[in-house]
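Read off the chains here:
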Amino acid sequence: MKQSSLLWNYGVVSPTILAAILGVGVGAIATEVDSLQTTAPLAIPANPNHETIVPLTPIAQRPHLNLSDDSSDEIWEQLNHYSNETNALDQVTNVSQLRDVSPGDWAYEALRSLVERYGCIAGYPDGTYRGNRAMTRYEFAAGLNACLQQIERLIAGNNGVDGSDLETLRRLIQEFEAELATLGARVDNLEGRVAFLEDNQFSTTTQLSGEVVFGLAGVAAGEDANGDDIDNITIFGHRTRLELNTSFTGEDVLRTRLQAEGLGSLTEQTITPEGDLFFAGATDSDVVIDALLYDFPLGENTRVVIDANAGASDDFASTVNPFLDGDGGSGALSRFGTRHSIYYYLDGAGIGINHAFGDKLELSAGYLASEAADPGDDTGIFNGPYGALAQILFKPSDRLNIGLTYIHSYNQDTDTGSRRSNFRSFTEDAIGNAVPTSSNSYGVELSWRLSDRFALGGWLGYTQTTTLSTLDGQIDRGDLDIWNWAVSLAFPDLGKEGSVAGILVGMEPKVTDSSVNIPGFSTEDDDTSLHIEAFYQYQLTDNIAITPGIIWLTAPDHDNDNEDIVIGAIRTTFSF
């Protein structure tokens, strides 16, 4: 209904009501109805014409109509639409503020009266009123309600209100009883819901979120790093996280994450870190405190992150892999595909800083020690294993990010690539002792969103690892050159908004040259293994995503004598 029949039924209408009929659909719609606190009918002051006037009933006391579900839903939908539409309206105090309204307009005096006498008119941000716009009954009811509330406030404050206006309002209230009753019910419902949230909220400073990953995976074919056939064993388990984010100032975050893992690593079958799933780990399902950090601003462009436990490089630095790095819960399935391997040289407790030099340049630096809490020998913050990162991130545009990364680490492995590239664990398995090492890693990372539906990414990394001991003559001291690279394609919103498909081809860390000699063992990777990964993350609902994927490793452990490994996985992620 584009125009109310009341305009014709009542003939002569007061300026206030005339203005409401012509304009409130655009200018006086309330974004939310404020509940009046009055609990009894309002007393109306005497009017100069000595008319007998029945008091108006406040909105809170108007009877709720027994509307059918269909009609009530329709009214609510309409009212929500018009309430949302008027979020951009600005209150005016003088009709001259409306630049498309002039004294020559036939409704000028009505608008002026409505603005100056009752103050329940609004204009658009561009200073227009758009009085020629048609309106519906729902718009009319919302606008009528806004003016009615203002009149009730004037009455409560003993300010004079024209008696004819009140009489016309009573007739309008009767005509629009259904719409007004719905508005009243909406106020009651909102007040009830707010009261419930206040009484039952988890905390005034803390938000609780969670993520549960169900993983089904197995090795479909191939030989392990020793050249033996791999049993086709299918595993099923979970990774569960509960995260408490607490803010004391509104700009800081204290993050406490509880985690339980119940899905074993496929490394036990493949005998190589290559192709390991990011969301796999322990099998005991013990609940532990995982991430524990405090993130706070230092000025306008600097953020500081203090990691007390299980810190990682992505706590304070971008990994420049936005579509594949979902920390195991989304994006790539494998540890290698999630982010550049050199970032794994950092973990534990420490501090990170991120500073933005405008919108185009960002500097990150951090230090994490993996055994910071251990007071034993060769442990602690400075004497034990650690990693230190410095990274410059160039952002020429919102779609293109380029990272230059340097990491110095001590006694750290990446748990990706060949066994030899993780030299500490390699020597421990080979000769029973983990050799102390120092590494310098250099990387360049790229993420380029060429269109809304396609992004190109990748990285190139080089690490020089130096052995720091001969282990009493068991090995010769020397250096290892370790390279890795990857190219990724991402297809955001493929098939459904929020979904993403990804393809990654790369070489996990490989020892290309070594001057370290261990009698009876080769310390170089003679061949090249490729990591080929494809997945499709389908966003079933806002809170559930299903990701089937496949990982194909050629020449496992960089050894052509080993048959290719094929790993299949289905990840289901529940977030709340």
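Counting restarts for each chain: residues are numbered from 1 in the order of the written sequence. Totals for whole chains, interfaces and linings use all residues, but because this is a predicted model, local features are given only for residues with pLDDT of at least 70 and pairs of side-chain atoms are given and counted only at 80 or more. Hydrogen atoms and water are omitted, and side-chain values are computed over all heavy atoms in the structure.

### Things to note about helix α4 (residues 108-118)
Alright, step 1. Per-residue accessibility, obtained with a 1.4 Å probe over protein chains only, is compared with the maximum for each type, and a residue is labelled buried under 20%, exposed over 50%, and partly exposed between these values. In DSSP terms, a helix is any run of H or I states spanning at least four residues, a strand is any run of E spanning at least two, and both are numbered starting from the N terminus. All of the buried residues in α4 are Y108, A110, L111, S113, L114, V115 and Y118.
Alright, step 2. Among the residues trailing α4, G119 stands out with phi positive, at a value near 60 degrees.

### Some words on unusual backbone geometry
Alright, step 1. For L471, which is not a glycine, the phi torsion comes out positive at approximately 50 degrees.
Alright, step 2. Inspection of the secondary structure assignment puts L471 in the loop between β13 (454-467) and β14 (479-492).
Alright, step 3. Residue classification places L471 among the buried positions, given a relative accessible area of 11%.
Alright, step 4. Look at D557: it is not a glycine, yet its phi comes out positive at around 65 degrees.
Alright, step 5. Assignment of secondary structure puts D557 in the loop between β17 (544-553) and β18 (565-575).
Alright, step 6. Overall, D557 belongs to the buried group, its relative accessible area being 2%.

### Some points on the pattern of salt bridges
Alright, step 1. Every case where a carboxyl oxygen of Asp or Glu lies within 4 Å of a side-chain nitrogen of Lys or Arg is listed as a salt bridge. A full pass over the atoms with the stated rule returns 14 salt bridges.
Alright, step 2. The salt bridge involving D525 is made with R420; its shortest N-O contact spans 3.0 Å. Highlighted residues: D525 in the loop between β15 (500-514) and β16 (531-539) and R420 in the loop between β11 (400-410) and α11 (423-431), separated in sequence by 105 residues. Residue D525 shares its accessibility class with R420, and that shared class is buried.
Alright, step 3. Via salt bridges that share partners, R241, E243, R255, R257, D290, D314, D325, D327 and R339 belong to a single interconnected network.

### Comments concerning the side chain of N422
Alright, step 1. Along the chain, the position of N422 falls in the loop between β11 and α11.
Alright, step 2. Classification of N422 by relative accessible area gives buried; the value is 1%.
Alright, step 3. In this structure N422 touches P273, D413, T414, D415, T416 and G417, once residues within four positions along its chain are discounted. Note on contacts: a residue pair is in contact if any heavy atoms of the two residues lie within 4.5 Å.

### A look at a nonpolar patch on the surface
Alright, step 1. Taken together, the side chains of F357, L363, I392, F394, L404, V444, L460 and W483 present a nonpolar region at the surface, about 660 Å² in accessible area.
Alright, step 2. Residue position: L363 is located in strand β9 (residues 361-369).
Alright, step 3. Look at L363 and you get partly exposed, because its relative accessible area is 36%. Note on patches: the residues involved have over 30% relative accessible area and no salt bridge, like charges join within 9 Å, and the nonpolar side chains Val, Leu, Ile, Met, Phe, Trp and Tyr join within 5 Å. What sets the accessible areas is the Shrake-Rupley method with a 1.4 Å probe; for residues, cover comes only from the shown protein chains.

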